Amino acid sequence: MERKLWNRDFILLLQGCAVSMVGDILYSVAIGYWVYEKTGSNTLLGLLSSVSSFMAMFLSPFTGSITDKLNRKHVIVGMDLIRGVVMSAAGILALQDNLTTSMVIVFSVIAALCAQFFDPSVATTMIDIIPHSQMVQGQSAYNGVCSLISLIGKAISGLFVTLFGVAPIILLNGISYFLSAFTEMFIRIPSSSQQGNVVTVRSVMHDMKNAVTAIAADPFVSMFVPAALILNLIAAGPMYMILPFCLDKGFSVDFYGVLMAVETAGSLICVLLLSVLKLSGTQRYYVLLYGFALSPILYIIAYLTHSRVVMTVMFFLGCFTNTMGNAVFNASLTLALPEDNRGAIIGFVKAFSMGGCALSSLVYGMLCDAFSIVPVFVVGTFMAIIPSLIVCLNQKTKTFVETH
């Protein structure tokens, strides 16, 4: 492993993921517009947007274990090639006006399935190609590039669909995957300790058992996994319902777009800042503590105010501080994972996190139908402060972050 952060392999991985992400963002807007124009169905739109989340929730523990045994470079390149073929086929069908909603659902399922193998391969690869002493900076740089692309992509997606139409955008997404696969072919990825082992149902179940045992044996990780479920269940819901919140406040849909852009900017600035700062163990802990403690308070102020300026500033600072806490937390957790079973453990953590988000969205939707949306947001976010402080003020957490 090279000692510098910006080594060739990290740059190639970052570049490959970035190119395909541009295509993904443009595609998501284009296909959403196409589906709504063809069917007028919000239910179908919701189904398409939830495919990836539910597959992550149910498949992550299994795919993480499987990728531990495979050549990660082959998985990364292969999954991008498959998605390139699928999206190119969808684009060609759209150009010929032969694309149907059933095909779109099938293509979305295939792409989401590929992502479940691609994501843990990238996550474990980053651990091996980034110097461990610079894991916070490395992951922050990666997340910063993703945030920047998301910010730009959301800004230009509507214009691109208007100028070029849906079909060329879908085809462009397919081409972006082929370009990503090409650059990823040149990444040097070390072999994992399980690479080459035969993938069987028994071996996957064995890995899952070992992952559960490893999670239970580590005092910090065993605290984090249920905490991730609880925190996401309590706090994630409002992020899925900002649009009805804005309308309930009497604001326009345009202002909703402003808030989403401001949040992305807050996250981007935070990760860019963390990517250039080298923090000591104690400094990392206090970044974690203040990030998670301040974020819900800032969001509560945003929910209660009627001032657009105050709300915008609070959303920016709320996302900034939340990203602070998550960046340190995720980097420390990543470094603590045992090398021989990282994929399976990451899969379990992801499944718990996604499960919490999915359930939170459902619960908040029902509560906001029964009660006024602002009190629901305020009470739910306030409740999130309690488990956040319990985790952050725990001596195990302090020791863990300072030593990882």
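Residues numbered from 1 in each chain as written. Predicted model: local features only at pLDDT ≥ 70, side-chain atom pairs only at ≥ 80, totals over all residues. Heavy atoms only, no water.

Asker: Account for the overall build of the chain, naming residues and giving values.
Answerer: Across its full length, the chain holds 15 helices and zero strands. When each of the 404 residues of the chain is scored for burial, the buried share is 52%. When contacts within the chain are restricted to residue pairs at least 6 apart in sequence, those whose partners lie at least 24 apart make up 87%. Of the roughly 18000 Å² of accessible surface on the chain, a fraction of 70% belongs to carbon and sulfur atoms. (Helix = DSSP H or I, 4+ residues; strand = E, 2+ residues; numbered from the N terminus. Buried < 20%, exposed > 50% of the residue type's maximum accessible area, 1.4 Å probe, protein only. Contact = heavy atoms within 4.5 Å. Areas by Shrake-Rupley, 256 points an atom, 1.4 Å probe, with all protein chains shown as cover.)

Asker: Give me the lowdown on the environment of S222, citing residues and values where you can.
Answerer: By the element assignment, S222 lies in helix α8 (residues 219-235). In this structure S222 comes out as partly exposed when scored by relative accessible area, which is 26%. Linking S222 and V212, residues ten residues apart in sequence, is a C-alpha distance of 9.0 Å. The residues contacting S222, other than those within four sequence positions of it, are I215 and A216.

Asker: Give a description of the nonpolar core that names residues and reports values.
Answerer: Core analysis: the biggest nonpolar cluster contains 55 residues, and L13, V122, F220, F224 and L288 have the highest contact counts within it. For L13, the residues in contact, after removing those within four places along its chain, are I76, V122, T125, M126, I129 and I187. With 25 residues, the next largest nonpolar core counts M241, C246, M311 and Y364 among its residues. (Core = buried A, V, L, I, M, F, W, Y, C linked by side-chain atoms within 4.5 Å.)

Asker: Quick one: what's the story with the environment of D128, residue by residue and with numbers?
Answerer: Along the chain, D128 turns up in helix α4 (residues 101-129). Considering only alpha carbons, one finds D128 and S192, 64 residues apart in sequence, at a separation of 9.1 Å. At a separation of 2.8 Å, a polar atom in the side chain of D128 contacts the side chain of R72. (Polar contact = N/O pair within 3.5 Å; in protein donor to acceptor, adjacent residues only side chain to side chain.)

Asker: Could you give an account of the packing of helix α3 (residues 72-95) against helix α6 (residues 166-184), with specific residues and numbers?
Answerer: It is at 7 Å that the axes of α3 and α6 come closest, and there the two elements cross at 160 degrees. Here α3 lies roughly antiparallel to α6, going by the angle between them. The two elements α3 and α6 meet at a crossing, and its hand is left-handed. Counted by class, the contact of α3 with α6 contains 17 nonpolar, six polar and four charged residues. (Axes fitted to C-alpha atoms, helices over the stretch in contact; angles between N-to-C directions. Parallel < 35°, antiparallel > 145°, perpendicular 65-115°, else oblique. Left-handed = near helix turned anticlockwise from the far one by under 90°. Nonpolar A, V, L, I, M, F, W, Y, C, P; charged D, E, K, R; others polar.)

Asker: How would you sum up the packing of aromatic side chains? Please name residues and give values.
Answerer: A complete count under the given rule lists eight aromatic pairs for this structure. Their ring planes at 25 degrees and their centres at 6.0 Å tell us that Y286 and Y290 sit as a pair that is stacked. Of this pair, Y286 and Y290 both sit in helix α11 (residues 281-304), four residues apart, roughly one helical turn. Looking at Y290, the relative accessible area reads 48%, which means it is partly exposed. (Phe/Tyr/Trp six-rings, centres within 6.5 Å; stacked < 30°, edge-to-face > 60°.)

Asker: I'd like to hear about helix α7 (residues 201-217), residue by residue, with values.
Answerer: Over its 17 residues, α7 runs 24 Å from end to end, which matches the ideal 24 Å to within 8%, given 1.5 Å per residue. Turning to α7, its buried residues number three or more, namely S203, V204, D207, M208, A211 and I215. Seen end-on, α7 carries its buried residues on one side only, within an arc spanning 140 degrees. Opposite its buried face, α7 presents the exposed residues R202, K209, A216 and A217, each directed more than 90 degrees away. (Expected span 1.5 Å × (residues − 1). Arc of directions from axis to C-beta.)

Asker: Hey, could you go over a nonpolar patch on the surface for me, with residue numbers and the actual values?
Answerer: Together, L233, L359, L362, V363, M366, L367 and F371 give the surface a local cluster of nonpolar side chains, amounting to about 620 Å² of exposed area. In terms of residue count, the dominant contributor to the nonpolar patch is helix α13 (residues 342-370) (five residues). Its location among the elements puts M366 in helix α13. (Patch = residues over 30% accessible without salt bridge, like charges linked within 9 Å, V, L, I, M, F, W, Y side chains within 5 Å. Salt bridge = Lys/Arg side-chain N within 4 Å of Asp/Glu carboxyl O.)

Asker: Help me get a handle on the pattern of salt bridges, residues and values and all.
Answerer: For the structure shown, the criterion picks out four salt bridges. Measuring nitrogen to oxygen at the nearest pair gives 3.8 Å for the salt bridge that ties D9 to R8. For R8, a relative accessible area of 42% gives the class partly exposed. Put simply, R72 and D128 hold a salt bridge, and the shortest N to O gap is 2.8 Å. In this pair, R72 is assigned in helix α3 and D128 in helix α4, connecting sequence segments 56 residues apart. Each member of the pair R72 and D128 is classed as buried. Taken together, the shared-partner salt bridges in this structure form one network comprising R8, D9 and R188.

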